[in-house]
Amino acid sequence: MYQIDPAAAPYPAPPYQRDELLHEIFDATAARSPDSPALHLADPDAVSGRRTSLTYGELARRAAQVAHFLRGRGIARGDRVVLCLPRGLDQFSAILGVLQAGAAYVPADWGFPADRVDFIADDAAAKLILTTTERVDDFVHDHVVPFDDRLGEIASGEAWRFTRSSTDATPDDLAYIIYTSGTTGRPKGVAIRHRNIAHLVRAESAILGLTADDVVFQGFSLAFDMSIEEMWPAFRAGAELVVSSEAIARSGPDVATAIAREGVTVWHCVPSLLAVVDTPLPRVRLINLGGEACPPELARRWARPGLRLLNTYGPTETSVTATWAELSATAPVTIGTPLPGYRAWVVDADLVPVAPGTPGELIIGGPGVGAGYVGLPDLTAAKFVTLTLDSDVGPERVYRSGDLVSVGPDGTIAFAGRIDTQVKIRGYRVELGEIEAAIGDDPAVAAAVCALHAADGIETLVAYIVARPAATIDAAAIATALKNRLPSYMRPALYEVLDRLPLLVSGKVDRKALPAPAVRAALSAIDAPATAIEAELHTAWSEVFAPLPVSVTADFFDDLGGHSLRAARAVSRARQLPGLADLSINDLYAAPTIRALAARLAARGASAGATMAAAFAPVPALRFALCAAAQTVALPFVYAFAGLQWLLPYLAYVYWASNGLSRAEAAAAAAGAFVALPPLLLLASVAFKWLVIGRTRPGEYPLWGTYYFRWWLVRRVLETVASQYLAGTPAYATYYRLLGATIGRDALLLCDFIDAADLATIGDDAALDAGSMLATSAVEGGLLKLGRVAIGARATVGAMAVVGRGATVGDGAMLDNLSALPAGAAIPAGERWAGSPAARAGSHAVDLPPRASPVRRHATAFALLVA
């Protein structure tokens, strides 16, 4: 008998199996490090004013309050609670609260059709569904609670923590049920006990080696079990979990930009996503690949000193992960050896272990083997079997993976594929039989087979259908029916109608003989491009979806079966076309049809066939040389002005100490000079600005010319004074008024330096948050371009947001954090815009406090100016 021996690898010492509940792992960290950061939302714009980070202590308190809320509604030990919540911090307090209340959580992806969520809730015998007000009416379950609408009630509730003595919970109770694709046409629930998943967390933590200094990216849906290995090892180590927003999660390879920006050090992802990422990730020290087979070239491309690449494998039924391997640029890619505590064998069709090198089915044993399938005793008995595979151990309960593997001379496991019809689609485990059964519900279908067709690195799900005698297949009707029943990743993109299916001698379908999809009629009428931009977008989409015909009114995701990787490829291809260089993935999600996307681009000035860059204004060599000489002469003056605030107090001290004053008296005089200088220098910089350039005029000026030099010199001098210390005070607005800006009453300025202040207009009660920028100037195509920027009354410009030259933010409008309003764009009054480039994201209601009295305002401004 051949067993893969985990003792051969350098694991830390056991035990990994302990008498503990899953949430007790988190509780221990929260008790040890309550002030350490636990959660941080990667995209604050997604939550509109809610907290975007929580410490371990704060999250523990919220979880306890959720547990009290649930217990007050009758949730007790052994109950199941379905969670259908959008991405955000609330998901995690809900999970921890459900577990602490003694129940098991059942995650359902926010994008699942209502029919699927209702089936999951019914099949799991869930006592209630936690969702939001947006979806509360979608479900037919008897008890649906809008979690977002109860947050105030939850926050005002009890916060003491439930313990085992309160709930009678034991490690043999269920911790969660995750639903995966099933062969019956409906998903099947995999039940995992606390002792199963708690063992996995400790065993895999020994391999991952996380510390409290790590920042872990959480990007998977909670309905996908890889989210568990993102979350729980991080909680055990006390690391910070960076939670992806919906926009980031669906951004395809652009997710790497967020990972780099957030300082992530550990990333769990599927190989197909990493394969299309080109962004350098210098701070990432560990990438854990899983969910699908890893191509060797991926390891070769990403391997570098300082970066650990892991390849992990495991079915949901064995608590997420069962084996692991370190990847390198030169070693073959395998799924490695078992995690600590796990055991693995390779057996033949009679469940007899085979010799090394012989292909067979992978059998997995150990504490991670789950409880079985919910409500499916026959399937549980067939897949979770009791065998004697080790005479020293005796009979033990193991799981038949259905995966075809072999073991190499070094004891590592090589993955060869599936024995049955199960496939992985973008990391999700999918039973093709479930899709086939759903298609077979159409009365015109005699037989249906699904298969993955790979082309240019992208897999397309194809349905092959045979019609009943005298019946006609309506592929459009089938596709519509599947939208209401299956998640998007399980819907075929192509439908091929065959006279008959190819068969093997045994009578089974010969899946290898299924024809490649051919160019054929679309599911619905094809609307041709009507404009030049539509034609260019149609060209890009047709290449991505070939051989599927593309209509300009077809939805990229719902109608064509697109996903984040296809979206990235379509946007990348379109950016190569003239006039579409600024197209973003966010544009595609906001306008998922060619017609809508073309209108969106046209609205902001894009045009087909436009040149990629404007003509560059020539710069004469003499003008460049004269400007450079003038700047060289001016720099000592700029340095001197910048050094005055430090040099003059010192000179004052030396002067007074040398002219009869004591050291204490001289130091006091120097301190007085130090305090008096900043406001004097501020006033001097204002005078210098009016003397050198006067009132700034909007327009375009030659680069390295006279006006450019004056603008440069004034900007350098203004940047040397300590105006930034006035940010957030009335004095800051006063300073910019002196420079020529038009600023209304009670405007709050926390923004960065405003260049060309004369060109800025800021209304009453407007607010410019920290790091925001009014881009009144730009250097483009050999020209200095100056333009006005207008911020309306009661308007808000969020943190790190940019308002482009010639742009307007209307009265009561808002530009969200980290957003960019393009040059010349305008946000209408009362609207909220977000993104880069910014687009409408909803309405914005303004609720201002009472206005301070004029005496109080001006007294405060004067005090801060002289201070």
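Counting starts from 1 at the beginning of each chain's written sequence and moves along it residue by residue. Totals for whole chains, interfaces and linings use all residues, but because this is a predicted model, local features are given only for residues with pLDDT of at least 70 and pairs of side-chain atoms are given and counted only at 80 or more. Computation of side-chain values: all heavy atoms of the structure, hydrogens and water removed.

A. Here's a closer look at the pairing of strand β8 (residues 174–180). To sort residues, take the accessible area from a 1.4 Å probe on protein chains only and compare it with the maximum for the residue type: under 20% means buried, over 50% means exposed, and anything in between is partly exposed. Labels follow the DSSP assignment, with helices taken as runs of H or I lasting at least four residues and strands as runs of E lasting at least two, numbered in each case from the N terminus. Buried residues dominate β8, accounting for seven of its seven residues. The rule for pairing is simple: two strands pair if DSSP sees at least two bridges between them. Pairing between β8 and strand β9 (residues 188–193): six bridges, direction antiparallel. Among the inter-strand pairings, I178 is bridged to a residue of β9, identified as V190.

B. Quick peek at the sheet that holds strand β43 (residues 831–835). Taking strand neighbours across the sheet as the criterion, the six strands line up as β30-β32-β37-β40-β43-β44 in an open arrangement whose pairing is mixed. The open sheet is flanked by β30 (748–749) and β44 (838–843), the only strands paired with a single partner. As defined by bridge partners, β30 adjoins strand β32 (residues 767–768) across two bridges and the pair is classed as parallel. Following the sheet pairing, L749 is matched in β32 by L768.

C. The pattern of salt bridges, seen in detail. One speaks of a salt bridge when a side-chain nitrogen belonging to Lys or Arg is within 4 Å of a carboxyl oxygen belonging to Asp or Glu. According to the stated counting rule, one finds 27 salt bridges in the structure shown. R73 is the partner of E153 in a salt bridge, and the nearest nitrogen-oxygen pair spans 2.8 Å. A residue pair is termed long-range when its members are at least 10 positions apart, and E153 in helix α5 (residues 151–155) and R73 in the loop between α2 (56–72) and β4 (80–83) qualify at 80 residues. Ionic pairing is found between E719 and R715, a salt bridge with its closest N-O pair at 3.3 Å. Here the residue E719 and the residue R715 both occupy positions in helix α22 (residues 706–720), the gap between them amounting to four residues, near one helical turn. Accessibility expressed as a relative area gives 23% for R715, which makes it partly exposed.

D. Local environment of the nonpolar core. Residues belong to one nonpolar core when they are buried, are Ala, Val, Leu, Ile, Met, Phe, Trp, Tyr or Cys, and are joined through side-chain atoms within 4.5 Å. One finds L39, I197, W232 and F235 to be the most contacted residues of the largest nonpolar core, which totals 81 residues. Broken down by element, this core gets its largest block of residues, eight residues, from α2. Pairs of residues are marked as contacts when any of their non-hydrogen atoms sit within 4.5 Å. When neighbours within four sequence positions are excluded, I197 is seen to be in contact with L22, A175, Y176, I192, I228, S319 and V320.

E. Local environment of the sheet that holds strand β29 (residues 742–743). The strand order across the open sheet built from five strands is β29-β31-β36-β39-β42, with neighbouring strands paired in parallel fashion. Every interior strand has two partners, whereas the edge strands, β29 and β42 (826–827), have only one.

F. Just the packing of aromatic side chains, in detail. Only rings of Phe, Tyr and Trp enter the pairing, Trp through its six-membered ring, and a pair is recorded when the two centres are within 6.5 Å. The plane angle decides the type: under 30 degrees is stacked, over 60 is edge-to-face, the rest tilted. Applying the stated criterion across every chain, the model contains 20 aromatic pairs. Centroid distance F384 to Y399: 5.1 Å. Interplanar angle 50°. Geometry classified as tilted. On the criterion of sequence distance, the pair formed by F384 in strand β20 (residues 384–387) and Y399 in strand β21 (residues 396–407) is long-range, its members being 15 residues apart. With a relative accessible area of 6%, F384 lands in the buried category. Judged by centre distance (5.3 Å) and plane angle (65°), the rings of Y735 and Y736 are edge-to-face. Members of the aromatic cluster, each reached through a chain of ring pairs, are F26, Y56, W232 and F235.

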